[in-house]
Amino acid sequence: MTSTPGLAPARERAARLLLAAFALATAVDLVALLAGAHAPHTVAKPLLMPLLAGYVAVRRGPRLLTAALLFGWGGDVLLLLHADVAFLAGMGSFAAGHVCYLVLFKRHGTARARGRLLAAAYGVALVTTVALLWPDLPADMRGPVAGYSLLLTAMAYGSSRLGRTAGWGGALFLLSDTLIATGVADWPQLPRPDFWVMLTYLAAQYLLARGALGALGAPSAPAAAYGERNPSLT
């Protein structure tokens, strides 16, 4: 197989290995969630974002992107603890990641056509979702959820500044965390709700990373091992 332009052979091999490992960990995690197997999920979930962050680092991606993914890792680990204080701390870690994304989009993104229309759509989605969830959220969670939702929606909207791939990543991140919020509000859930949360979350993080690397012109390893064959998964 030929080398990828702009990426040294050793880095190309490392990028391929990290992306393949991320794909494998993703498969293990999602299958475990479908099967209701807690132990494999507990092992696989903390590996996901470090592998994706490592891939970004090997590709010489921006540090803000790596930081956003690692803050996502912090949130992933904290949410494994299933405690209220851990949930709030995890939300804070994800919020820090969204701030990193927002700064990244501001520094390197460009305004897109129909940006105002997209902003209006995200604004309507934010207000509607918070208004519907509000009565069913625990009283001590309403403020944090509303504030986090505002930041998350801003990140989702801002992701479009890096192009369509990153824009879809931002939208899926919003969907994933909305699914979590419906669980906090004790709304009826889809079968295996954790599977759908992780599926959309992993897709979001991968698409954000891939979109950012593409928009910033980072040297890329071919995506045959992952991603282009199934862009809905991450």
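Details of the structure are given in the entry above.
Remember, predicted model here, so these are calculated numbers, not experimental data.

### Digging into the side chain of His41
Inference 1: Relative to the helices and strands, His41 is located in helix α2 (residues 38-58).
Inference 2: Ignoring anything within four residues of it in the chain, the contact list for His41 reads Asp29, Ala32, Leu33, Pro46, Leu80 and Met198.

### Regarding the pattern of salt bridges
Inference 1: If you walk through the whole model with that rule in mind, you get 1 salt bridge.
Inference 2: Its salt-bridge partner being Glu12, residue Arg16 comes within 3.2 Å of it at the nearest N-O pair. Separated by 4 residues within a single helix, Arg16 and Glu12 lie in helix α1 (residues 9-35), roughly one turn from each other.
Inference 3: For Glu12, a relative accessible area of 6% puts it in the buried group.

### As for the layout of surface pockets
Inference 1: The computed volume of the largest pocket comes to approximately 680 Å³.
Inference 2: For the largest pocket, the lining is made up of 30 residues, of which Leu79, His82, Phe87, Ile180 and Asp194 are closest to its centre.
Inference 3: Of all the elements in the fold, those that place two or more residues in the lining of the largest pocket are α2, α3 (63-79), α4 (84-108), α6 (139-159), α7 (164-184) and α8 (193-215).
Inference 4: If you tally residues by element for the lining of the largest pocket, the top one is α7, at 6 residues.
Inference 5: Tallied by class, residues from the lining of the largest pocket come to 18 nonpolar, 6 polar and 6 charged.
Inference 6: Roughly 290 Å³ of volume is contained in the second largest pocket.
Inference 7: Contributing elements (two or more residues each) for the lining of the second largest pocket: α4, α5 (115-133), α6 and α7.
Inference 8: Considered class by class, the residues forming the lining of the second largest pocket number 16 nonpolar, 5 polar and 1 charged.

### A short note on the packing of α5 against α7
Inference 1: Running from amino to carboxyl end, α5 crosses α7 at an angle of 10 degrees, the nearest separation of the two axes being 11 Å. In terms of orientation, α5 and α7 fall into the roughly parallel class. From α5, Tyr122, Thr129 and Leu133 reach across to α7, where they touch Gly167, Gly170, Ala171, Leu174, Thr178, Ala181 and Thr182.
Inference 2: When its residues are assigned to classes, the contact of α5 with α7 shows 5 nonpolar, 5 polar and no charged.

Cut-offs used in this document
- Residues numbered from 1 in each chain as written.
- Predicted model: local features only at pLDDT ≥ 70, side-chain atom pairs only at ≥ 80, totals over all residues.
- Heavy atoms only, no water.
- Helix = DSSP H or I, 4+ residues; strand = E, 2+ residues; numbered from the N terminus.
- Contact = heavy atoms within 4.5 Å.
- Salt bridge = Lys/Arg side-chain N within 4 Å of Asp/Glu carboxyl O.
- Buried < 20%, exposed > 50% of the residue type's maximum accessible area, 1.4 Å probe, protein only.
- 1 Å grid on protein atoms, 1.4 Å probe; cavity = no way out; pocket = protein on both sides within 12 Å on 5 of 7 lines; lining within 4 Å.
- Points joined across faces, edges and corners; volume = space filled by probe spheres on them.
- Nonpolar A, V, L, I, M, F, W, Y, C, P; charged D, E, K, R; others polar.
- Axes fitted to C-alpha atoms, helices over the stretch in contact; angles between N-to-C directions.
- Parallel < 35°, antiparallel > 145°, perpendicular 65-115°, else oblique.

Remember, this is a structural readout, not a statement about activity or role.
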